[in-house]
Amino acid sequence: MKKILVTGALGQIGSELTEKLRSTYGEDNVIASDIRRPEQPSGIFEEIDVTKEKEIYEISKKYKVDTIIHLAALLSAKAEAFPKVAWEINMGGLVNALEAAKELDLKFFTPSSIGAFGPSTPKNNTPQDTLQRPTTMYGVNKVAGEILCDYYYSRFGVDTRGVRFPGLISYVTAPGGGTTDYAVEVYYEALRSGTYTSYIAKGTHMDMMYMPDALQAIIQLMEADSDRLKHRNAFNITAMSAAPEHFEEAIRKHIPDFTMDYQVDPVRQGIAESWPDSINADAAKEEWDFEAAYDMDAMTVDMLEKVREKIKKNSA
Ligand code: VAH
């Protein structure tokens, strides 16, 4: 990768990935884009509506990028609330991005998710290759997206690559409209009020990962030797399988009086229960040497420190 266009650059992943890519590949080699211009863009920024057919193509051509990292999407809970809008953005946007990559011969990354699995998928140690019959619009978008990216690889030779992200925990930009957002909120509330009411029930396991590992995974996969890849779209990756009480336990090691209670949101609980409890990530290790660096305790130390700083600066 030398010159990269990031769509969805203002989102939870995009905001941190853009900075990481700029420090890795050079400030002027990363073009950030999103549906709206931020007040103070931190570098080259272009407004792109990914549902408009030619906008990704035009900007990719204007800056002569060699890679598109396509992150613009609605997450699971918002997609369940607005399924048709989700289809237009998540699938319409993806086709437009893939067409630009095909026309301009660009490398291509877009994330899938553990949401690409459904209730009939093996729940524990979910295999890389298995039954995928998701029961959410987000999951339908993700599994369709995986197959579409494989099609653009096999039919048109586009170098498409992707990972199935678990729930991502970060402190820079809050996630919006996800099922796993509780795993971010809990750190803020632990520091602000000392208590958190989880909308996901005790004992509900989902795979999770700290954002630094997610960013490393994207760069490592995109730089991996293409000949080693037996899979492309998309690799299972994970750092931990966790339920709300595991966050409570880890936070209590630093804030002993922290308490968690539960007020389950049936919609997001239903989505969570349709996903795996734990996934098998052997293929990512075997084919491009990926291993997460942060476990629950290491993530919690860093998250509490960073969120404390944000609250102190009153920017949280
Ligand atoms: C969501 N954070 O909750 C996303 C992610 C696995 C979860 O796809 O929708």
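For every chain, the first residue of its written sequence is number 1, and the numbers climb from 1 along that sequence. Confidence filtering applies because this is a predicted model: local features only for residues at pLDDT of at least 70, side-chain atom pairs given and counted only at 80 or more, and all residues used for totals across whole chains, interfaces and linings. Heavy atoms from the whole structure form the basis of all side-chain values; hydrogens and water molecules are not counted.

### Things to note about helix 7 (residues 211-223)
Think of an α-helix as 3.6 residues a turn; residues three or four steps apart then line up on the same face.
Then step 1. The terminal C-alpha atoms of helix 7, which comprises 13 residues, lie 19 Å apart, in line with the 18 Å expected from a rise of 1.5 Å per residue.
Then step 2. Think of it in three bands: with a 1.4 Å probe and only protein chains considered, a residue is buried below 20% of the maximum accessible area for its type, exposed above 50%, and partly exposed in between. Here a helix means four or more residues in a row that DSSP labels H or I, a strand means two or more in a row labelled E, and each is numbered from the N terminus. All of the buried residues in helix 7 are Met211, Asp213, Ala214, Leu215, Ala217, Ile218, Ile219, Leu221 and Met222. What a helix should span is 1.5 Å times the count of its residues minus one.

### Digging into the site of the ligand
Then step 1. Residues are classed as near a molecule or strand on a simple rule: at least one heavy atom within 4 Å of it. With respect to spatial proximity, the complete set of residues near the ligand consists of Leu75, Ser76, Ser113, Ile114, Tyr138, Phe165, Pro166, Gly167, Gly178, Thr179, Thr180 and Trp275.
Then step 2. Within the side chain of Tyr138, an N or O atom sits 2.6 Å from an oxygen atom of the ligand.
Then step 3. Polar contacts here mean pairs of N or O atoms no more than 3.5 Å apart (in protein, one a potential hydrogen donor and the other a potential acceptor; neighbouring residues in sequence count only if both atoms are side-chain atoms). Here Thr179 contributes a backbone N or O atom positioned 2.7 Å from an oxygen atom of the ligand.
Then step 4. What sets the accessible areas is the Shrake-Rupley method with a 1.4 Å probe; for residues, cover comes only from the shown protein chains. Its free accessible area being 270 Å², the ligand has 95% of it covered by the protein chains.
Then step 5. Considered class by class, the residues forming the shell around the ligand number 6 nonpolar, 6 polar and no charged.
Then step 6. Taken together, domain 1 (4-167 + 209-236) and domain 2 (168-207 + 240-275 + 294-315) each give at least three residues to the shell around the ligand, which thus spans both. Note on residue categories: nonpolar means Ala, Val, Leu, Ile, Met, Phe, Trp, Tyr, Cys or Pro, charged means Asp, Glu, Lys or Arg, and polar means any other residue, Gly included. Start and end positions for the domains come from either an automated domain assignment or a database one.

### Re the pattern of salt bridges
Then step 1. For salt bridges, the criterion is a side-chain nitrogen of Lys or Arg within 4 Å of an Asp or Glu carboxyl oxygen. Inspection of every chain in the model, using the stated rule, returns 16 salt bridges.
Then step 2. The residue Asp265 makes a salt bridge to Arg268 at a minimum N-O spacing of 2.7 Å.
Then step 3. For Asp302, the salt bridge goes to Lys306, with nearest N and O atoms at 2.7 Å. Remark: Lys306 and Asp302 occur in helix 11 (residues 296-312); sequence separation between them is 4 residues, near one turn of the helix.
Then step 4. Residue classification places Asp302 among the buried residues on the basis of a relative accessible area of 15%.

### Things to note about the pairing of strand 4 (residues 67-70)
Then step 1. Side chains of strand 4 alternate between two faces, with Thr67 and Ile69 and Ile68 and His70 buried alike.
Then step 2. Strands were regarded as paired on the criterion that DSSP finds at least two bridges between them. Examined bridge by bridge, strand 1 (residues 4-7) and strand 4 share 4 bridges and lie parallel to one another. Considered in strand 4, the bridge of Val6 is made with Ile69.
Then step 3. Where strand 4 meets strand 5 (residues 107-109), 3 bridges bridge the pair, whose relative direction is parallel. Within strand 5, the position partnered with Thr67 by the bridge is Lys107.

### What about the UniProt feature "domain: NAD-dependent epimerase/dehydratase" (unreviewed entry) in the chain?
Then step 1. With numbering aligned to this structure, UniProt lists the feature "domain: NAD-dependent epimerase/dehydratase" (unreviewed entry) at residues 4-237.
Then step 2. Between the end C-alpha atoms of residues 4-237 the distance is 23 Å, and the span holds 40% helix and 17% strand. UniProt positions are given in the numbering used here, feature names are shortened, and annotations may be inferred rather than shown by experiment.

### Regarding the pairing of strand 1
Taken residue by residue, a regular strand's side chains alternate between the two faces of the sheet.
Then step 1. A two-sided burial pattern is seen for strand 1, the buried positions comprising Ile4 and Val6 on one face and Leu5 and Thr7 on the other.
Then step 2. Bridging between strand 1 and strand 2 (residues 30-34) involves 3 bridges; their strand directions are parallel. Looking across to strand 2, one finds that Ile4 is bridged to Val30.
Then step 3. On the question of chirality, the crossover connecting strand 1 to the parallel strand 2 by way of helix 1 (residues 12-25) is right-handed. If you view a crossover with the strands going away from you and the path from the first strand over the helix to the second runs clockwise, you call it right-handed.

### Comments concerning the nonpolar core
Then step 1. To qualify as a nonpolar core, a set must consist of buried Ala, Val, Leu, Ile, Met, Phe, Trp, Tyr and Cys residues joined through side-chain atoms within 4.5 Å. The biggest cluster of nonpolar side chains holds 38 residues, and the ones touching the most others in it are Ile169, Tyr182, Tyr187, Met208, Phe247 and Met299.
Then step 2. Among the secondary structure elements, those contributing two or more residues to this core are helix 5 (137-156), helix 6 (182-192), strand 11 (206-210), strand 13 (240-242), helix 8 (244-252), helix 9 (266-273) and helix 11.
Then step 3. Each of domain 1 (4-167 + 209-236) and domain 2 (168-207 + 240-275 + 294-315) contributes no fewer than three residues to this core.
Then step 4. It only takes one pair of heavy atoms within 4.5 Å for two residues to be counted as in contact. Discounting chain neighbours no more than four positions away, the residues touching Tyr187 are Ile169, Phe247, Ile251, Met296, Met299, Thr300, Met303, Leu304 and Val307.
Then step 5. Core analysis: the second largest hydrophobic core is formed by 34 residues, Leu21, Phe109, Ile237 and Phe290 among them.

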